[in-house]
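# Reading the structure
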Amino acid sequence: MHDYRVGDPSLMVIFGATGDLSARKLLPALYNLAKQRLLPAGFTVVGAAIDDLSDDAFRKHASEVITKFSRTQPVEPQVLKAFLDSVHYVKVDFSKLEDFRALQQRADLLDHERLIGGNRVYYCATPPPTYETITEQLKDSGMTKSAGFHRIVIEKPFGWDLKSARELNRILQRVFHEDSIFRIDHYLGKETVQNILAFRFANSLFEPVWNSNLIDSVQITAAEEIGVEMRGAYYERAGTLRDIVQNHALQLVALVAMEPPITFDATTVRDEKVKVLRAIRPILDGEVANAAVRGQYTKGWVLGEQVTGYREEHAVAPGSLTETFAALRLFIDNWRWANVPFYIRAGKRMPKRVTEIRVQFKRPPHSTFEAAKELDPNAITLRIQPEEGISLRFAAKVPSAGVRLRNVAMDFTYMSSFLVETPEAYERLLLDCMNGDPTLFTRADEVEAAWAFVDPIEAAWRDDRPRLSMYAAGTWGPEEADKLIHEDGREWHRP
Ligand code: BG6
């Protein structure tokens, strides 16, 4: 993993430059990198999309979305102006080879003027069905032949199942070297997610207890209070298992459970992660009902506001069986984690937005204090968002005459320790891509191992086995999710 350093000279083509991802994440992240002086000299953006826009019209659009979505506010006019000077636009119909040729000519010209040395980053901020076409057209138009490096960035979802992910890997690898394929899982760009490795491997205190000897179970929660908003059409095909569990949640499992890598280079870190993903015990067809729960929200109240049910959302079928909540229990069959359950829970329209990893320790082997029997055992909570931080729960004596004990927490929060706002995940990821560091991106074998685990669950759910459970918006999911963990004599942590 490299330091946060100025990116290598590059020209970035953003396919789908007029879309939502580009507006909300990519352009604001690039502006913020410019503000931190992390963009390389001569850095150039070429927006490419179907809309017929001039450079100036695209710059105007970029200026508006940066002003609206930048994490740092207010936007600094001089930085913005200098950044916009590096922004250009070419209309591209992805099905037309001649459009890619025109794009190449423009890129070559800018490259020459701005002394970029032929380095290219191709960012596919487009719907998944276009990835294949764009890759083929890049090859056929000679855009992967200039002097310098050629990298491609692919957004999630990466495939819809193991078969399609393999096929996509095959297509990409025909044109790009694996180390030049940057598969985005934006969770990996979050500071708090990277800090999991620092917490575990830069301290001597935690690693000796980080195994089945002392850990009872691990819970991962990724809850959002928002519904599917205007993404009903996408969500209908995806569901929570594909949208969150296959990527973000399993990546968190890998980081919490992996063995210490001998170095922090991309190959070694990802080798260790993929070992975890491969060691997850498959949940086979007959076991899905016992190990996994799916739910869908009906109307309810979230943060004091009345909201509609999923089936009433835009572009959602009235009888939809798509899940907006998933909970599951998995095991990692290796020496370190034998018989330690990992509970995952993810959903939309939960009571609040919170992502956390809770590492639950076992009870002390012998209880000297009668009162301690009533207390919850130690737990470490890694809070990914919001209120990013880490909290350790332990028992302490209440100051009084008798022997009364109570759980207390030792808290670290980013805000109070570092007094800075953490950068957006996309800032880190864009920079790593310019610097050719794929550590925080998922490798082909990781993505495939994650799909191999998810596929049988997905298959059972598509057959409506077991039947979809409903939950009111603003609650923590269907009762079945509670049953799943109660059966094991445990409780979901209420964040
Ligand atoms: C995306 C999912 O990958 O992650 C969305 O497609 C989800 O459905 C989002 O809302 C959550 O990301 P974050 O960074 O807000 O936790």
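Use the structure listed above.
So, here's what we can say about the structure. (Residues numbered from 1 in each chain as written. Predicted model: local features only at pLDDT ≥ 70, side-chain atom pairs only at ≥ 80, totals over all residues. Heavy atoms only, no water.)

Turning next to the overall build of the protein chain. A count of helices and strands for the protein chain gives 14 helices and 17 strands. Taking 2.2 N^0.38 as the reference for a compact globule, 495 residues should give roughly 23 Å; the C-alpha atoms of the protein chain span a radius of gyration of 24 Å, in line with that estimate. When the backbone C-alpha atoms are referred to their principal axes, the protein chain occupies close to 80 × 50 × 45 Å. Here the protein chain holds 495 residues, and 56% of them are scored as buried. Residue pairs in contact within the protein chain that sit at least 24 positions apart in sequence constitute 78% of those at least 6 positions apart. Carbon and sulfur atoms provide 54% of the accessible area of the protein chain, an area that totals close to 21500 Å². Both charge centroids of the protein chain, one from 62 positive and one from 69 negative side chains, sit 2 Å from each other. (Helix = DSSP H or I, 4+ residues; strand = E, 2+ residues; numbered from the N terminus. Rg over C-alpha atoms; globule rule 2.2 N^0.38 Å. Buried < 20%, exposed > 50% of the residue type's maximum accessible area, 1.4 Å probe, protein only. Contact = heavy atoms within 4.5 Å. Areas by Shrake-Rupley, 256 points an atom, 1.4 Å probe, with all protein chains shown as cover. Lys, Arg positive; Asp, Glu negative; His and termini not counted. Charge placed at Lys NZ, Arg CZ, Asp CG, Glu CD.)

Around the ligand, the neighbouring residues are Lys156, His186, Tyr187, Lys190, Glu224, Arg231, Asp243, His248, Lys348, Arg353 and Gln385. With respect to the ligand, the side chain of Lys348 contributes an N or O atom lying 2.7 Å from an oxygen atom. Alone, the ligand offers 390 Å² of accessible surface; in the complex the protein occludes 83% of this. Taken together, the residues of the shell around the ligand sort by class into one nonpolar, three polar and seven charged. (Near = heavy atom within 4 Å. Polar contact = N/O pair within 3.5 Å; in protein donor to acceptor, adjacent residues only side chain to side chain. Nonpolar A, V, L, I, M, F, W, Y, C, P; charged D, E, K, R; others polar.)

It is worth spelling out unusual backbone geometry at this point. What is expected of a backbone is that most residues other than glycine have negative phi and most peptide bonds are trans. With an omega of -10°, the peptide bond running from Gln73 to Pro74 counts as cis. Tracing the sequence through the fold places Pro74 in the loop between helix H2 (55–69) and helix H3 (77–84). Between Arg465 and the following residue, Pro466, the backbone shows a cis peptide bond with an omega angle of -15°. At Glu229, a residue that is not glycine, the phi angle is positive and equals roughly 50°. Within the secondary structure layout, Glu229 lies in the loop between strand S7 (215–223) and helix H8 (232–257).

Attention now moves to the packing of aromatic side chains. Applying the stated criterion across every chain, the model contains 18 aromatic pairs. With centroids separated by 6.1 Å and ring planes inclined at 70°, the aromatic side chains of Phe199 and Trp210 adopt a geometry described as edge-to-face. With Phe199 in helix H7 (residues 191–201) and Trp210 in the loop between H7 and S7, this pair connects stretches of sequence that are 11 residues apart. Summarising the burial analysis for this pair, Phe199 and Trp210 share the class buried. Plain terms: the ring middles of Phe412 and Phe418 are 6.1 Å apart, the flat faces sit at 85° to each other, and that makes the pair edge-to-face. The class for Phe412 is partly exposed, based on a relative accessible area of 23%. (Phe/Tyr/Trp six-rings, centres within 6.5 Å; stacked < 30°, edge-to-face > 60°.)

Right, let's get into the environment of Phe94. Among the secondary structure elements, Phe94 is positioned in the loop between strand S3 (87–91) and helix H4 (97–114). Discounting chain neighbours no more than four positions away, the residues touching Phe94 are Phe15, Gly16, Ala48, Phe100, Thr126, Thr130, Thr133, Ile134 and Gln137.

What follows concerns the sheet that holds strand S2 (residues 44–49). Strand order in the open sheet made by the six strands is S3-S2-S1-S4-S5-S6, with parallel pairing throughout. The open sheet has two edge strands with one neighbour each: S3 and strand S6 (181–183). Direction aside, neighbouring strands of the sheet carry axes that sit 20° apart on average. When strand S5 (residues 150–154) meets S6, the two strands line up parallel, connected through three bridges. If you follow Ile154 over to S6, its bridge partner there is Arg183. (Pairing = 2+ DSSP bridges. Axes fitted to C-alpha atoms, helices over the stretch in contact; angles between N-to-C directions.)

Our focus in this paragraph is the sheet that holds strand S11 (residues 325–330). Taken in spatial order, the nine strands of this open sheet run S16-S15-S14-S13-S7-S12-S11-S8-S17, and their pairing is mixed. Each edge of the open sheet carries a strand with a single partner, namely strand S16 (405–413) and strand S17 (469–472). Ignoring which end each strand starts from, the neighbouring axes of this sheet average 20° apart. Pairing between S7 and strand S12 (residues 342–347): six bridges, direction parallel. The residue bridging Ala223 from the neighbouring strand is Gly347, located in S12. Lying over the sheet, H7 contacts strand S13 (354–361), strand S14 (379–385), strand S15 (389–397) and S16, oriented at roughly 150° with respect to S14.

Moving on, we get to the side chain of Ser469. With respect to the element layout, Ser469 can be found in strand S17. A polar atom in the side chain of Ser469 sits 3.3 Å from the side chain of Glu480. The contacts of Ser469, once residues within four sequence positions are left out, are Arg294, Gly295, Gln296, Pro478 and Glu480.

Further remarks concern the pairing of S5. Within S5, five of the five residues are buried, which leaves it mostly tucked inside the rest of the structure. Burial along S5 is two-sided: His150, Ile152 and Ile154 and Arg151 and Val153, pointing in opposite directions, are all buried. Bridge count between strand S4 (residues 120–124) and S5: five bridges; the pairing is parallel. Among the inter-strand pairings, Val121 is bridged to a residue of S5, identified as Arg151. Following the backbone out of S4, through helix H5 (residues 130–140) and into the adjacent parallel S5, one traces a crossover that is right-handed. One crossover worth recording links S5 to the parallel S6 by way of helix H6 (residues 162–175), and it is right-handed. (Right-handed = clockwise from strand over helix to strand, strands pointing away.)

So, about H7. All buried positions along H7 are accounted for by Thr192, Val193, Gln194, Ile196, Leu197, Phe199 and Arg200. Residues of H7 that are buried in the fold lie against H8, S13, S14, S15, helix H11 (414–418) and helix H12 (425–434).

On to the pattern of salt bridges. Taken as a whole and judged by the stated rule, the model has 43 salt bridges. Here Asp108 ties to Arg120 by a salt bridge, and the two come within 2.8 Å at their closest N and O atoms. Linking Asp108 in helix H4 with Arg120 in strand S4, this pair joins segments that are 12 residues apart in sequence. In this structure Arg120 comes out as buried when scored by relative accessible area, which is 1%. For Glu272, the salt bridge identified is with Lys275, shortest N-O distance 3.3 Å. Here the residue Glu272 and the residue Lys275 both occupy positions in helix H9 (residues 266–279), the gap between them amounting to three residues, near one helical turn. If you follow the salt bridges from partner to partner, you end up with Glu136, Lys139, Asp140 and Arg174 in one network. (Salt bridge = Lys/Arg side-chain N within 4 Å of Asp/Glu carboxyl O.)

Function cannot be inferred from these measures alone, as they are strictly geometric.
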